Amino acid sequence: MAAAELGAAPGGGGCAPAGGGSVPVLFCFSVFARPSSVPHGAGYELLIQKFLSLYGDQIDMHRKFVVQLFAEEWSQYIDLPKGFLVNERCKVRLVPLQIQITTLGNLTPSSTVFFCCDMQERFRPAIKYFGDIISVGQRLLQGARLLGIPVIVTEQYPKGLGSTVQEIDLTGAKLVLPKTKFSMVLPEVEAALAEIPGVRSIVLFGVETHVCIQQTALELIGRGLEVHIVADATSSRSMMDRMFALERLARTGIIVTTSEAILLQLVADKEHPKFKEIQNLIKASAPESGLLSKV
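Residues numbered from 1 in each chain as written. Predicted model: local features only at pLDDT ≥ 70, side-chain atom pairs only at ≥ 80, totals over all residues. Heavy atoms only, no water.

## Considerations on the overall build of the protein chain
Put simply, the rule reads: Helical segments are the DSSP runs of H or I of at least four residues, strand segments are the runs of E of at least two, and each set is numbered from the N terminus. Exposed residues in this analysis have more than 50% of their type's maximum accessible area, buried residues have under 20%, and partly exposed residues fall in between, with area computed by a 1.4 Å probe over protein chains only. The contact rule is simple, with two residues in contact once any of their heavy atoms fall within 4.5 Å. Calculation of accessible area relied on Shrake-Rupley with a 1.4 Å probe; when residues are assessed, cover is drawn exclusively from the protein chains displayed.
Of the regular secondary structure elements, the protein chain holds 8 helices and 11 strands. Sorting the 295 residues of the protein chain into buried and exposed places 44% on the buried side. In the protein chain, the proportion of contacts linking residues at least 24 apart, taken out of those at least 6 apart, comes to 74%. Summing over all exposed atoms, the protein chain offers an accessible surface of approximately 14500 Å²; the carbon and sulfur share of this is 54%.

## Comments concerning unusual backbone geometry
Residue Glu208 is bonded to the preceding Val207 through a cis peptide linkage, with omega at -20°. Along the chain, the position of Glu208 falls in the loop between strand S9 (201-207) and helix H5 (209-222). Not every positive phi belongs to a glycine, and Ser30 is a case in point at roughly 55°. On the basis of relative accessibility, which here comes to 62%, the residue Ser30 falls in the exposed class.

## Considerations on the pairing of strand S6 (residues 112-117)
Just so we agree on the cut-off: At least two DSSP bridges between two strands are needed for those strands to be called paired.
Among the 6 residues in S6, 6 count as buried, and that is most of the element. With burial as the criterion, each face of S6 is covered, one bearing Thr112, Phe114 and Cys116 and the other bearing Val113, Phe115 and Cys117. As defined by bridge partners, S6 adjoins S9 across 6 bridges and the pair is classed as parallel. Bridge pairing in S9 places Cys117 opposite Gly206.

## Focus: the packing of helix H2 (residues 130-147) against helix H7 (residues 259-267)
For the record, the criterion: Interaxial angles span 0 to 180 degrees and are taken between N-to-C directions of axes, which are lines fitted to C-alpha atoms, for helices over the stretch in contact. For this classification, under 35 degrees means roughly parallel, over 145 means roughly antiparallel, 65 to 115 means roughly perpendicular, and everything else is oblique.
Close contact between H2 and H7 brings their axes to 10 Å; oriented N to C, the two are set at 5°. Here H2 lies roughly parallel to H7, going by the angle between them. Residues Val136, Arg139, Leu140, Gly143 and Leu147 of H2 form the contact with H7, whose participating residues are Ser259, Glu260, Ile262, Leu263, Leu266 and Val267.

## A few points about the packing of aromatic side chains
Threshold: Stacked, tilted and edge-to-face are the three classes assigned to paired rings of Phe, Tyr and Trp, where Trp is represented by its six-membered ring and a pair needs centres within 6.5 Å; plane angles under 30 degrees give stacked, over 60 edge-to-face, the rest tilted.
Here the structure, examined in full by the defined rule, presents 6 aromatic pairs. Aromatic side chains Phe27 and Phe51 sit 5.1 Å apart centroid to centroid with 85° between the ring planes, which places their arrangement in the edge-to-face category. Here Phe27 is found in strand S1 (residues 22-29), whereas its partner Phe51 is found in helix H1 (residues 44-55), with 24 residues between them in sequence. For Phe27, a relative accessible area of 0% translates into the label buried. Residue Phe51 is classed as buried on the basis of its relative accessible area, which comes to 1%. Judged by centre distance (5.3 Å) and plane angle (75°), the ring pair of Phe70 and Tyr77 falls under edge-to-face. Overall, the relative accessible area of 24% leaves Phe70 in the partly exposed class. By relative accessible area, Tyr77 is classed as buried at 18%. Chaining the aromatic ring pairs together yields one cluster made of Phe27, Phe29, Phe32, Phe51, Tyr55 and Phe65.

If you want it as structure tokens, here you go:
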């Protein structure tokens, strides 16, 4: 059987007919094996549903999988035969392929939201290259205003850590929200995203890379959104923490990129009506620092 995404039924995988009782099945995934049962005559779709109910918290939804059946005549697992129906006691396993589904990483203004995370005054003396990421963050927010892209801003415990730095202009931001949770994915943020039709991609930047940025990114991809982290607008107190966080996030399928790449991808064409303004914005505000050498 060809590899398939979970929940997508290949041709010929039948569903269970009415009646007929149930059949015991051993469901295997990774190091786990759990006995359960399915209706007599269950096909691929019901097997996948059972795998998700048993192992949903362990399954990486960014991978493709094959379902295999243990064949006594071969004494090993074989790919689930086309049109297979469960008629007798059997053992099946879910096998993740080594190659992850790659995201294309395309960005369009109509399906993108910018997340500005905790760029606050009290972080100024502690965060490496903070002046540079402020400059790049402001460039990104100016670009968002030019292109009509919604912006969501959070501030971590502003009573103790201060408000967003004055250099960053929050004019027109859809939401500016205080928080104590490290992730930006708060109920208010989820409600704001639900109000924006067709959101597919989040452009994320701010501090700290290994804490709030990392936890936000992981929650967002867990909700099926594509995440672009802007490396030249993201930092931590420790360059080691920053480096390992970006490496870890890139391995999960999150896109680590730069502000210039983001802005030019969003305009996409020299003939875009905002191209000149975006180009001038890039030329006028490109800090040179050692930040990117630490990715």
